[in-house]
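# Structural features, examined
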Amino acid sequence: VAQFAELRPRTEVQTAVLTNLSALGRTFVAVHVRRTDLAIHLLEDLAIYQATSDSDYYRFLDAHVAFSIYVAADSAASQARFVERYGERVRALPHISHTAAQDGTLRHTTLRAAVVDLFTCVEASAFKGARTSTFSD
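Residues numbered from 1 in each chain as written. Predicted model: local features only at pLDDT ≥ 70, side-chain atom pairs only at ≥ 80, totals over all residues. Heavy atoms only, no water.

## With respect to the overall build of the chain
A tally of helices and strands in the chain yields five helices and three strands. Reading the chain from its N terminus to its C terminus gives the helix and strand order α-β-α-α-β-α-α-β. Relative to its full complement of 137 residues, the chain shows a buried share of 40%. The contacts in the chain between residues at least 6 apart in sequence include a share of 72% that link residues at least 24 apart. About 8,200 Å² of surface is accessible on the chain, with carbon and sulfur atoms providing 56% of the total. (Helix = DSSP H or I, 4+ residues; strand = E, 2+ residues; numbered from the N terminus. Buried < 20%, exposed > 50% of the residue type's maximum accessible area, 1.4 Å probe, protein only. Contact = heavy atoms within 4.5 Å. Areas by Shrake-Rupley, 256 points an atom, 1.4 Å probe, with all protein chains shown as cover.)

## With respect to the sheet that holds strand β3 (residues 126-128)
Spatially, β2-β1-β3 is the arrangement adopted by the three strands of the open sheet, whose pairing is parallel. What marks the edges here is a single partner per strand, and that holds for β2 (68-73) and β3. With strand direction ignored, the average angle separating the axes of adjacent strands in the sheet is 15°. In this fold helix α1 (residues 11-24) packs onto β1 (28-33) and β2, with an angle of close to 145° to the strand it touches most, β2. Along the sheet, helix α3 (residues 54-62) makes contact with β1, β2 and β3, crossing β1 at roughly 175°. (Pairing = 2+ DSSP bridges. Axes fitted to C-alpha atoms, helices over the stretch in contact; angles between N-to-C directions.)

## Some points on the environment of Ile96
With respect to the helices and strands, Ile96 occurs in the loop between α4 (76-86) and α5 (111-121). Judged by its relative accessible area of 10%, Ile96 falls in the buried class. Once the C-alpha coordinates of Ile96 and Ala76 are considered, the two residues, 20 residues apart in sequence, prove to be 5.4 Å apart.

## Focus on the packing of α1 against α5
With their axes 9 Å apart at the nearest point, α1 and α5 run at an angle of 50° to one another. Judged by the inter-axis angle, α1 sits oblique to α5. You can see that α1 and α5 cross each other, and the crossing is right-handed. Judged by residue contacts, Glu12, Val13, Ala16, Val17, Asn20, Leu21 and Leu24 of α1 engage Arg112, Val115, Val116, Phe119 and Thr120 from α5. Taken together, the residues of the contact of α1 with α5 sort by class into eight nonpolar, two polar and two charged. (Parallel < 35°, antiparallel > 145°, perpendicular 65-115°, else oblique. Left-handed = near helix turned anticlockwise from the far one by under 90°. Nonpolar A, V, L, I, M, F, W, Y, C, P; charged D, E, K, R; others polar.)

## Observations regarding unusual backbone geometry
Non-glycine residue Ala92 carries a positive phi angle of around 55°. Relative to the helices and strands, Ala92 is located in the loop between α4 and α5. When its relative accessible area of 17% is taken as the criterion, Ala92 is described as buried.

## Let's talk about the side chain of Ser68
Looking at where Ser68 falls in the secondary structure, it is placed in strand β2. In this structure the side chain of Ser68 is engaged in a polar contact, spanning 2.6 Å, whose partner is the backbone oxygen of Leu24. In this view, Ser68 contacts Leu24, Thr27, Phe28, Val29, Arg89 and Arg91; residues no more than four positions away in its chain are not counted. (Polar contact = N/O pair within 3.5 Å; in protein donor to acceptor, adjacent residues only side chain to side chain.)

## Topic: the pairing of β1
In terms of burial, β1 is largely enclosed, as six of its six residues are buried. Direction of pairing for β1 relative to β2: parallel, over a ladder of six bridges. The residue bridging Val33 from the neighbouring strand is Ala73, located in β2. As defined by bridge partners, β1 adjoins β3 across three bridges and the pair is classed as parallel. Pairing of Ala30 across the sheet is with Phe127, part of β3.

This is the structure in structure tokens:
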């Protein structure tokens, strides 16, 4: 993982990450909620695929009640569930407008959004990832 220390995002990505960090404050926790395409990629290995449940994330976030929350999600529906439950604790919420029906893809977010999420999450005081996702490993 040491090679990741040498990655330098483009200026617009750096700006988005800094904007997120400013909105989140000094101490925040982050969760990576992947719901759109991970199960499809793992259909052949469903025996190993056990999605991290919303309850798993809720337990993690409830244990960090004093912290603001960053939700790195790949669908608007996932985002909405966390906003509904945690309200103003959820900050720096990127707008997810894409739906799979728009172009037939499974992903609802762009690669740029994922990179912004990655660089934002790495700054969190604590992190809960999505089981079997390389983003979270």
